[in-house]
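# Report on the structure
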Amino acid sequence: MKKFFAAAIAVLMTASLAACGSTPSSSAAENAAPASSAASTESAPSDAGSGNTYRIGLAQIMEHTSLNQIRDSFTAEMEALGYGPDKVEIDYQNAQSDQSNLNSICQKFAGDGKDLIVAIATPTAISAAAAAPDIPLVFSAVTDPVAAKLVENPDAPEGNITGTSDAGLQILGRIDLAFELMNQLTPGVETVGLVYNLGEVNSVAVIEQAKTYLDSKGIGYVEATVTNTSEVQQAAQSLVGKCQAFYTPIDNTVATAMPVYAEVAKQAGLPIYTGADSMVIDGGFATVGIDYTLLGKQTAAMVVKVLEGTPISEIPVETLSNFATVVNTTTAEAIGVTLPGDLLSSAIVVE
């Protein structure tokens, strides 16, 4: 249960480069053309959608806390901005971690002639871009839309694609913040265990930066990679005894199995530092990361701009510039870490 003792760090929105999620496979990423070729001309939603209602296809690749936060805050914010059920008909679909289901969902959106598609996470955006190149697409939680071949220029998107990014610390060159927090809360870590999905381009990008930072500080690391959620428990267990802390970036596969991962770490008395607040809520120890509720609201604001006629080329990809420090007090107690009072007074605390 989430309990806020203190709201920390005000989050600002800025137009910037890139944003989360995962890439389902290298072949899927290769099959999705950049916005400039997949949709060479900008399309605008019809003035009235179906009758007097805009028809929006809303899709996500899988269930997990981060993506659900985006979905829920997006729909709530749309209504708050005056686009409730009387103006917008939202067709929500969840692929339940099945890529073939995801492709079918996006193809159906295209066949139905939706006025706009909202795609949550990288694989969803890639699938939607390939299936419906002529329909405006606003993505959310795409860590690196350039690497995912969704846009070429995030500051002036080409074609029909723009959106919000959960790129986080690595895009701003501040991956050090995560490990500075580790040094503050659990000093003396000599080796970090890295658990991530090697098939998620977003995760690999962050892990590479993490390795560079750890090398610069003389801190060792060991890795355990996974391809699906069922492998996360074994991967974490394989690193127990080889490291003094875990680190996992914003990774859809691992996030989905976060409770199991967290239990392995608790049993071993090890902290998990993560890339997202939702992963801390689900049992991780601490993060300097993204607030996905705010990201969902930001996505809604962009969708409203599109519906009201702003060309997508004038709506840059956006990311969050500041981040929240989030700690889980239940996890801290389970692994025997005493949290400093000054941190408790400034951070978002969950239990």
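Everything quoted here is computed from the prediction, not taken from an experiment.

## A few points about the packing of helix 6 (residues 176–185) against helix 7 (residues 201–217)
Running from amino to carboxyl end, helix 6 crosses helix 7 at an angle of 50°, the nearest separation of the two axes being 10 Å. Classified by the angle their axes make, helix 6 and helix 7 are oblique. Here helix 6 and helix 7 pass one another in a crossing that is right-handed. Residues Asp176, Phe179 and Glu180 of helix 6 form the contact with helix 7, whose participating residues are Ala210, Tyr213 and Leu214. The class makeup of the residues in the contact of helix 6 with helix 7 is four nonpolar, no polar and two charged.

## Some words on the nonpolar core
One finds Met78, Phe246 and Tyr247 to be the most contacted residues of the largest nonpolar core, which totals 103 residues. Broken down by element, this core gets its largest block of residues, eight residues, from helix 12 (residues 292–307). Counting five residues, the second-largest nonpolar core is a separate cluster that includes Val280, Val326, Ile348 and Val350.

## Some thoughts on helix 4 (residues 99–112)
With 14 residues, helix 4 should cover 20 Å at 1.5 Å per step; its first-to-last C-alpha distance of 20 Å lies within 8% of that length. Looking at helix 4, one finds that the buried residues are Leu102, Ile105, Cys106 and Phe109. For helix 4, the angular spread of the buried residues around the axis is 90°, confining them to a single face. Of the residues in helix 4, the exposed ones pointing more than 90 degrees away from the buried face are Gln107 and Gly111. Summarising the contacts, the buried residues of helix 4 are in contact with strand 2 (54–60), strand 3 (88–94), strand 4 (116–120) and helix 5 (122–131). Glycine 113 sits one or two residues past helix 4 and shows a positive phi near 65°.

## A few points about the confidence of the model for the chain
Predicted confidence across the chain gives a mean pLDDT of 85, with 83% of residues reaching 70 or more. Long-range and interchain partners of residues 1–41, a stretch whose pLDDT sits below 50, account for 135 contacts in this model, where long-range means more than four residues apart.

## Quick notes on unusual backbone geometry
Of note, glutamine 96 is a non-glycine position whose phi angle comes to about 50°, a positive value. On the secondary structure map, glutamine 96 appears in the loop between strand 3 and helix 4. Look at serine 97: it is not a glycine, yet its phi comes out positive at around 70°. With respect to the helices, strands and loops of the structure, serine 97 is situated in the loop between strand 3 and helix 4. By relative accessible area, serine 97 is classed as partly exposed at 47%.

## Focus: the sheet that holds strand 14 (residues 348–350)
Read across the sheet, seven strands follow the order 8-7-9-10-11-13-14 without closing on themselves; strand pairing throughout is mixed. Looking at strand neighbours, the two that pair on one side only are strand 8 (220–226) and strand 14, the edges of this open sheet. Looking at each pair of strands side by side, their axes are set apart by 25° on average, direction ignored. Bridge analysis of strand 7 (residues 191–197) against strand 9 (residues 245–248) gives three bridges, and the strand direction is parallel. Across the sheet, the residue bridging to valine 192 is alanine 245, located in strand 9. The strands touched by helix 7 within the sheet are strand 7, strand 8 and strand 9, with strand 7 carrying the most contacts at an inclination of about 170°.

## Digging into the pattern of salt bridges
Applying the stated criterion across every chain, the model contains six salt bridges. The partner of glutamate 208 in a salt bridge is lysine 211, with the nearest N and O atoms 3.6 Å apart. Of this pair, glutamate 208 and lysine 211 both sit in helix 7, three residues apart, roughly one helical turn. For glutamate 208, a relative accessible area of 40% translates into the label partly exposed. You can call lysine 211 buried: its relative accessible area is 13%. A single salt-bridge network, built from bridges that share partners, covers Glu63, Arg71 and Asp72.

## Quick word on the pairing of strand 6 (residues 161–165)
Burial within strand 6 is extensive, with five of its five residues counted as buried. Examined bridge by bridge, strand 5 (residues 137–140) and strand 6 share three bridges and lie parallel to one another. Bridged to valine 138 within strand 6 is threonine 162. One ladder, built from two bridges, connects strand 6 with strand 12 (residues 318–320); its direction is parallel. Looking at the pairing, serine 165 lines up with threonine 319 of strand 12.

## Here we look at the packing of aromatic side chains
Tallied over the entire structure, the rule returns four aromatic pairs. A centroid spacing of 5.5 Å and a plane angle of 15° characterise the contact between phenylalanine 179 and tyrosine 213, whose relative ring orientation is stacked. In this pair, phenylalanine 179 is assigned in helix 6 and tyrosine 213 in helix 7, connecting sequence segments 34 residues apart. Each member of the pair, phenylalanine 179 as well as tyrosine 213, carries the same accessibility label: buried. Ring geometry for tyrosine 273 against phenylalanine 285: centres 5.6 Å apart, planes inclined by 80°, an arrangement best described as edge-to-face. One end of the pair, tyrosine 273, is in strand 10 (residues 272–276); the other, phenylalanine 285, is in the loop between helix 11 (277–281) and strand 11 (286–290), with 12 residues separating them in the sequence. Given a relative accessible area of 0%, phenylalanine 285 falls into the buried group.

Reading the values: the criteria
Residues numbered from 1 in each chain as written. Predicted model: local features only at pLDDT ≥ 70, side-chain atom pairs only at ≥ 80, totals over all residues. Heavy atoms only, no water. Axes fitted to C-alpha atoms, helices over the stretch in contact; angles between N-to-C directions. Helix = DSSP H or I, 4+ residues; strand = E, 2+ residues; numbered from the N terminus. Parallel < 35°, antiparallel > 145°, perpendicular 65-115°, else oblique. Left-handed = near helix turned anticlockwise from the far one by under 90°. Contact = heavy atoms within 4.5 Å. Nonpolar A, V, L, I, M, F, W, Y, C, P; charged D, E, K, R; others polar. Core = buried A, V, L, I, M, F, W, Y, C linked by side-chain atoms within 4.5 Å. Buried < 20%, exposed > 50% of the residue type's maximum accessible area, 1.4 Å probe, protein only. Expected span 1.5 Å × (residues − 1). Arc of directions from axis to C-beta. pLDDT = per-residue confidence, 0-100. Pairing = 2+ DSSP bridges. Salt bridge = Lys/Arg side-chain N within 4 Å of Asp/Glu carboxyl O. Phe/Tyr/Trp six-rings, centres within 6.5 Å; stacked < 30°, edge-to-face > 60°.

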